[in-house]
Amino acid sequence: MTTRYDSRDLEVLTGLDPVRRRPGMYTDTTAPDHLAQEVIDNSVDEALAGHARNLAVTIHSDGSLSVADDGRGMPIDLHPELGRSGVEVIFTVLHAGSKFSEKIYQFSGGLHGVGVSVVNALSQRLEVWVRRGGGEYHMAFKGGVPERPLTRIASAPRGESGTRIRFWVDPGYFEDSRFSRDILIRSLRAKAVLLPGFTVSLKDELTGESSQWRYEAGLGTYLRESLHEHIQIPVPPFVGHFRSERAEATFALGWNADGGGSQVAESYVNLIPTPQGGSHLAGLRTGLLEALREFCDYRNLLPKGVRLAADDVFHSLNYVLSVKLREVEFSGQLKERLNSREATGFVSGVVKDGFSLWLHQSPALGEPIARLIVNHALERMRTETQVARKKPTAGLALPGKLADCAGGDLEETELFLVEGDSAGGSARQARDRLFQAVLPLRGKILNTWESDAPEILQSVEIRDLATALGIEPGSPDLSRLRYGRICILADADSDGAHIATLLCALFVRHFPAIIHNGRLYVAMPPLYRIDVGQAIHYALDEAEKAGILDRLQAEGRREKIQVTRFKGLGEMNPIQLRETTMAPETRRLIRLTVDDVRETEAILDLLLARRRATDRRGWIEDKGRFATVL
């Protein structure tokens, strides 16, 4: 191995080479179904924009797949900077597309500009036909490289337009190069459901089977058909729809009358399925929980001591949720989870208001739903095992500033690590004493990244924390752990982020077993309070504030809107802190996990190691322009 390392050793991947070198970063390499979805989503975006009414997908006998639509057709003119046709740019240049702004598409699923170029990169051959401007054009690619420029091959009937793409995947990039007919059917049927009046068809030349879907009524009909063998309440399913300038939400809800588990649980963003949920689903959970708690309180349906949780609401719930957003942030190229923070505030608000209004207007239909959910809460509470509170390690006295909880069920108890005595005082008043404990931390704790256990235990703050947890630093044994959840609660500003980072590093380095067992969380206090008449809303950040304001606009609210920015947890009174950050019914907690230990440790080492000061300075100079002011 050479010891030389200079600029000559730097590789620059161009064109589609990054995709071929690391295909798993861009798609699921188990099978090519995600490639099919990328091409389908482009056609669906045309339908979302109101330019396409039909979509036809064919699995050909030679194993290739084609997707055709009657949209506007891909651009055929020359790109002003690249000097190549729009078709060639779309298929050969990563991050090239028309969906980065809102000029062409108001709502769009293809947001990264890499979808069909990835398809081209991982295909042995790809052909595209475009009908546009009275002509039909054709272009072919082999191994991602154009065989010849875009060529006009025929005239097209006046007024006809659209795009047809056919591709043969390269089996060398996939464990199985065959397309799943079942996955295609589920996906295509969902597109028809989510776009009323949109006709979708699938033809399989291998089996000779053909299917076609078109739904005029949308989500309610789809949910009812999907549950035809189950007794559901209400009948028909509840359907809500709200729209603002920047967001839109449609949802259908129905509970299994027998109290059994849900059968249908589907969520979509800009018609893209999100099987891992995300911020829009969190909004649905919060909105439904708030509406049902309010209804149960008003109708006196809650037995004494019963507290509804989101899991009670969702246990028997069948739902289809479709959200459309202008600015969308997914967790990765597979787009299986939505990260856009504004979706939570928008969806939770419109769901709560819409469903709450229906419950109060239709109590005869709402009360059976409420009783079903209350019964599940009672059953859940009966099955909770009560055990004695665990004692601290080896006879050590609990820290004097720890406000301990009374409950003994490990899976229910929580310890909040709170920044500062002021916020700690508010947290002590805001907590539920049965299962929530509070340990205030004074200022920024010790940077423990390069320290061993005896050294860090010289810090009073860390010694108190270890004693409260009931385990020693570095111990893999959690049998004496005293709390089921350890929650970091810091201000939503740069100082709070610094403290949270130091605490995360402490757990990664010295209490890794807590993270590996999924017991470390970060609480998400809001940055904004929004007052509208008598109603109060909280927003985590700027994006979520925008989502709430969009929702208020969609509802046509005319009251004066007042927005207040919190400077820190100390500014919140105990009631506000409980409602926004500590109450399980309304708070937001993020569980911290480590997917790649080496990568996580490398990042923390760069951020916190004293010996990496020079590297850290260079990193800040290089990346500082991307920083966001908290």
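Quantities reported herein were computed from a predicted structural model and do not represent experimental measurements.

Criteria and cut-off values
- Residues numbered from 1 in each chain as written.
- Predicted model: local features only at pLDDT ≥ 70, side-chain atom pairs only at ≥ 80, totals over all residues.
- Heavy atoms only, no water.
- Helix = DSSP H or I, 4+ residues; strand = E, 2+ residues; numbered from the N terminus.
- Buried < 20%, exposed > 50% of the residue type's maximum accessible area, 1.4 Å probe, protein only.
- Contact = heavy atoms within 4.5 Å.
- Areas by Shrake-Rupley, 256 points an atom, 1.4 Å probe, with all protein chains shown as cover.
- Phe/Tyr/Trp six-rings, centres within 6.5 Å; stacked < 30°, edge-to-face > 60°.
- Lys NZ or Arg CZ within 6 Å of the ring centre and 35° of its normal.
- Pairing = 2+ DSSP bridges.
- Core = buried A, V, L, I, M, F, W, Y, C linked by side-chain atoms within 4.5 Å.
- Expected span 1.5 Å × (residues − 1).

**Describing the overall build of the protein**
No. 1: Summing up its helical and strand segments, the protein has 19 helices and 22 strands in all.
No. 2: Among the 630 residues that make up the protein, the fraction classed as buried is 51%.
No. 3: Here the contacts in the protein between residues at least 6 apart in sequence split such that 68% fall between residues at least 24 apart.
No. 4: Here the protein displays about 29700 Å² of accessible surface, and carbon together with sulfur accounts for 50% of that area.

**Describing the packing of aromatic side chains**
No. 1: All told, the structure shown has eleven aromatic pairs when counted by the stated rule.
No. 2: Look at Phe355 and Trp358: their rings are 5.6 Å apart centre to centre, the planes differ by 15°, and that puts the pair in the stacked class. Note that Phe355 and Trp358 are positioned in helix α9 (residues 342–361) at a spacing of three residues, about one turn of the helix.
No. 3: Residue Trp358 is classed as buried on the basis of its relative accessible area, which comes to 15%.
No. 4: Chaining the aromatic ring pairs together yields one cluster made of Phe238, Phe251, Trp255, Phe355 and Trp358.
No. 5: Here the basic side chain of Arg164 rests over the ring of Trp129, its NZ or CZ set 3.9 Å away from the ring centre.
No. 6: Over the ring of Phe314 we find Arg285; its NZ or CZ atom is 4.9 Å from the centre of that ring.

**Re the pairing of strand β18 (residues 520–523)**
Walk down a regular strand and you will see the side chains alternate between the two sheet faces.
No. 1: Along β18, one buried face is formed by Leu520 and Val522 and the opposite face, lined by Tyr521 and Ala523, is buried too.
No. 2: Pairing analysis gives three bridges linking strand β17 (residues 485–489) to β18, with the strands arranged parallel. Counted as the bridge partner of Cys487 is Tyr521 from β18.

**Here's the deal with the nonpolar core**
No. 1: Core analysis: the largest hydrophobic core is formed by 57 residues, its most contacted members being Leu55, Leu65, Phe91, Val128 and Phe167.
No. 2: In contact with Leu55, not counting residues within four places along its chain, are Ile40, Ser43, Val44, Val67, Ala68, Leu188, Phe198, Thr199, Val200 and Ser201.
No. 3: Counting residues in each nonpolar core, the second largest holds 44 residues, with Phe238, Ala249, Ala291 and Tyr319 among its members.

**Quick word on helix α5 (residues 181–194)**
No. 1: Over its 14 residues, α5 extends 20 Å from the first C-alpha to the last, a length consistent with the 20 Å expected when each residue adds 1.5 Å.
No. 2: When α5 is considered as a whole, its buried residues turn out to be Arg181, Leu184, Ile185, Ser187, Leu188, Ala190, Lys191, Ala192, Val193 and Leu194.

Distances and angles like these do not, on their own, reveal function.
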